Amino acid sequence: CQEMRSQLSLNENDVLFIYTGKLIRETHRVHLLIEAAMKLMENYNNLKLLVVGNGPQTYIEEMKQEIRAKNLGDRFIWHDMVSNSELPKFYSAADVSAWPGGASIGQREAMAYGLPIIINESSMVTELVSYNNGLTFREEDASDLAKQMEKLLDSKLRNEMGRNSRKFIEEKLNWRIIAKQFVALLPKETEAYKS
């Protein structure tokens, strides 16, 4: 965790938000996260955003141009997509995870690493924040996303929600529990398989 934060040139006071996944305007809406982060960065010097993923170069360049126009280039970290085995070091360096678009396996991965999550309220996976482990924002609303991000600059709330994310994974997405739920759905004639 600390080693990766050093590699990313973060200090102990920096609050690192992370997005992992594809960078596609229509479905992943990363530009909303960029816009929200830039809005907050006007008032918070310790906020940084790490974007891990790939997408159309024109879209990425468009986002980077907006960042440069506001002289915030040093507050954003861009990293190409990495293998699943490399993702844990990025999650462990982060403080909060955010997904402005739809559902992603990355949301669950981030939760497994004890990160609070921010998702849009119509993403079809709002049950992922049912353990008071994250926040939702109005779809397509960068201002509302910024408000939710600002709440998680509070370290006490961030740590509590992070612990709850981990608890959600352990209690709801544990393979042993999932297997028991599946077996409970089987017809009675397969009772012999339950033992």
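Everything discussed here concerns the structure shown above.
Peer 1: It is not clear to me how the environment of Gln7 should be interpreted in this structure. Could you clarify?
Peer 2: One can find Gln7 in helix 1 (residues 2-7). Residue class for Gln7 comes out exposed when judged on its relative accessible area of 52%. Linking Gln7 and Trp175, residues 168 residues apart in sequence, is a C-alpha distance of 34 Å.

Peer 1: Would you explain the nonpolar core in this entry?
Peer 2: One broad rule of soluble globular proteins: the nonpolar side chains tend to lie buried together. In this structure, Phe17, Ile34, Phe76, Ile118 and Met149 are the most contacted members of the largest nonpolar core, which totals 59 residues. Take this core: its biggest share by element is 9 residues, from helix 3 (residues 30-41). Apart from residues no more than four positions distant in its own chain, Met149 is found in contact with Phe17, Leu33, Ala36, Ala37, Leu40 and Ile118.

Peer 1: Looking at this structure, I do not really get the sheet that holds strand 5 (residues 117-120). What am I missing?
Peer 2: What links the strands of a sheet is backbone hydrogen bonding, and the strands pair in either a parallel or an antiparallel sense. The parallel open sheet is built from 6 strands, whose spatial order is 3-2-1-4-5-6. Single-partner strands in this sheet number two, and they are strand 3 (76-79) and strand 6 (134-137). Between one strand and the next, the sheet's axes are offset by a mean angle of 20°, whatever the strand orientation. Packing of helix 7 (residues 142-151) onto the sheet brings it into contact with strand 1 (15-20), strand 5 and strand 6, and relative to strand 6 it is tilted by some 165°.

Peer 1: Looking at this model, I keep getting lost on the packing of helix 3 against helix 4 (residues 57-69). Mind explaining?
Peer 2: Between two packed helices, what matters for the description is the angle formed by their axes and the separation of those axes. Look at helix 3 against helix 4: their axes get within 11 Å of each other, and the N-to-C directions meet at 10°. The orientation of helix 3 with respect to helix 4, classified from their angle, is roughly parallel. Note on element contacts: helix 4 touches helix 3 through Tyr59, Met63, Glu66 and Ile67, opposite Val30, His31, Ile34 and Met38. Along the lines of polarity and charge, the residues of the contact of helix 3 with helix 4 split into 6 nonpolar, 1 polar and 1 charged.

Peer 1: Looking at this model, I keep getting lost on the environment of Ala98. Mind explaining?
Peer 2: With respect to the secondary-structure elements, Ala98 resides in strand 4 (residues 96-99). The exposure class of Ala98 is buried, given its relative accessible area of 1%. Residues Ala98 and Asn120, spaced 22 residues apart in sequence, show a C-alpha to C-alpha distance of 9.1 Å.

Parameters and conventions
- Residues numbered from 1 in each chain as written.
- Predicted model: local features only at pLDDT ≥ 70, side-chain atom pairs only at ≥ 80, totals over all residues.
- Heavy atoms only, no water.
- Helix = DSSP H or I, 4+ residues; strand = E, 2+ residues; numbered from the N terminus.
- Buried < 20%, exposed > 50% of the residue type's maximum accessible area, 1.4 Å probe, protein only.
- Core = buried A, V, L, I, M, F, W, Y, C linked by side-chain atoms within 4.5 Å.
- Contact = heavy atoms within 4.5 Å.
- Pairing = 2+ DSSP bridges.
- Axes fitted to C-alpha atoms, helices over the stretch in contact; angles between N-to-C directions.
- Parallel < 35°, antiparallel > 145°, perpendicular 65-115°, else oblique.
- Nonpolar A, V, L, I, M, F, W, Y, C, P; charged D, E, K, R; others polar.

Bear in mind that shape data such as this cannot, by itself, settle questions of function.
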